[in-house]
Amino acid sequence: MKYLMNNRDRLKKPQIIGLLPAGGHATRISPLPLSKELYPIGFRSVGDESNLRPKVVCHYLLEKMQLAGIDKAYFILRSGKWDIPSYFGDGGVVSMNLGYLMMNLPFGVPFTLDQAYPFVGDALVALGFPDILFQPEDAFKLIIARQQASDADVVLGLFPTDQPQKAGMVDFDDTGRVRLIIEKPPQSNLQYMWGIALWKPTFTEFLHQYLITLNPDSNLSKLPEIPIGNVIQAAIQQGFHVEAEAFPDGTYLDIGTPDDLVRAVCQFTACNNNLS
């Protein structure tokens, strides 16, 4: 009887599918001999702490998803980035089930994510960027818990930043309700940027329909790249319930610029040197 009850409880929990958009060209740190998502940052132990292997940057993201109980994720790739599926295969190295989808229209992250529309169904979607290093380790666990408690359409994980010109800045009230997302303002009094997200099928459908209304096929040359933050802001304006889970002591490091790449390599190599 206990086994049957556990099975019923498991069936009640909504499935969570991770999405990792990997369609960029890494022009700011080019040329590279591999996809930037596979750039080695630090080391991982294999078997015991003295047996170290290079750890690629997106491995950190997948570990955080797996820690939160997410066991299925899709990389969404542009043509040519075949080294990512070659490296991760079916996902056994991170104890996850991994699949690979192909991006189509090159107009930014929303179009890349929408390629997963036929595959995510009624699942919750966990979004993470595979060229980003962030803390805390349990960030996805915390935004999942907030979504379950609030039933918000979207929950954003927020990180402190002093570089608003590089980020989607978030204004939210004392209860955590998001009022406004401003993409890459030159200056801002806001203290937090968003870096990860979790959303319900309601937003998956909104994203899909929003992109249809843009009708990029009719005028491919004039459509600018659209940040995913703009689509979330459009959903807020339509009455969607968007909440924030702030990590006051959190960190967020994008390896997509030369300075930050150097910082990441030095930081994580020094950290892992303590293992030996």
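Residues numbered from 1 in each chain as written. Predicted model: local features only at pLDDT ≥ 70, side-chain atom pairs only at ≥ 80, totals over all residues. Heavy atoms only, no water.

(A) Just the packing of aromatic side chains, in detail. Scanning the entire structure with this criterion turns up 16 aromatic pairs. Centre to centre, the rings of phenylalanine 75 and tyrosine 100 are 5.8 Å apart; their planes meet at 10°, and the pair counts as stacked. You can see phenylalanine 75 sitting in strand β4 (residues 72-77) and its partner tyrosine 100 sitting in strand β5 (residues 97-102), a full 25 residues away along the chain. On the basis of relative accessibility, which here comes to 25%, the residue tyrosine 100 falls in the partly exposed class. With a centroid separation of 5.0 Å and an interplanar angle of 40°, the aromatic rings of phenylalanine 159 and tyrosine 252 are classed as tilted. Placement of the pair is phenylalanine 159 in strand β8 (residues 154-160) and tyrosine 252 in strand β13 (residues 251-254), with a sequence separation of 93 residues. In this structure an aromatic cluster arises from ring pairing among Phe134, Phe140, Phe159, Phe247 and Tyr252. Sitting over the face of the ring of tyrosine 60, lysine 55 holds its NZ or CZ atom 4.2 Å from the ring centroid. (Phe/Tyr/Trp six-rings, centres within 6.5 Å; stacked < 30°, edge-to-face > 60°. Helix = DSSP H or I, 4+ residues; strand = E, 2+ residues; numbered from the N terminus. Buried < 20%, exposed > 50% of the residue type's maximum accessible area, 1.4 Å probe, protein only. Lys NZ or Arg CZ within 6 Å of the ring centre and 35° of its normal.)

(B) Representation of the layout of surface pockets within the structure. The volume enclosed by the largest pocket comes to roughly 1500 Å³. Forming the walls of the largest pocket are 50 residues, and the residues nearest its centre are Arg28, Phe129, Asp131, Lys184 and Asp254. Put simply, the second largest pocket is a space of about 370 Å³. Lining the second largest pocket we find 12 residues, and of these Lys13, Pro14, Gln15, Ile16 and Gly69 sit closest to its centre. Looking at which element gives the most residues to the lining of the second largest pocket, the answer is helix α6 (residues 139-150), with 3 residues. Of the residues that constitute the lining of the second largest pocket, the class distribution is 5 nonpolar, 3 polar and 4 charged. (1 Å grid on protein atoms, 1.4 Å probe; cavity = no way out; pocket = protein on both sides within 12 Å on 5 of 7 lines; lining within 4 Å. Points joined across faces, edges and corners; volume = space filled by probe spheres on them. Nonpolar A, V, L, I, M, F, W, Y, C, P; charged D, E, K, R; others polar.)

(C) Region of the structure containing the pattern of salt bridges. All chains considered together, the criterion is met by 10 salt bridges. A salt bridge links arginine 28 to aspartate 254; the nearest nitrogen and oxygen atoms lie 3.8 Å apart. One end of the pair, arginine 28, is in the loop between β1 (16-22) and β2 (40-46); the other, aspartate 254, is in strand β13, and 226 residues separate them in sequence. Exposure remark for aspartate 254: the relative accessible area of 23% places this residue in the partly exposed category. Arginine 146 is the salt-bridge partner of glutamate 245, the closest N and O atoms lying 3.1 Å from each other. Taken together, the positions of glutamate 245 in strand β12 (residues 242-246) and arginine 146 in helix α6 put the pair 99 residues apart, joining distant regions of the chain. Accessibility expressed as a relative area gives 17% for glutamate 245, which makes it buried. Shared partners join several salt bridges into a network, and the residues in it are Arg146, Glu243 and Glu245. (Salt bridge = Lys/Arg side-chain N within 4 Å of Asp/Glu carboxyl O.)

Worth remembering: the numbers are spatial, not functional.
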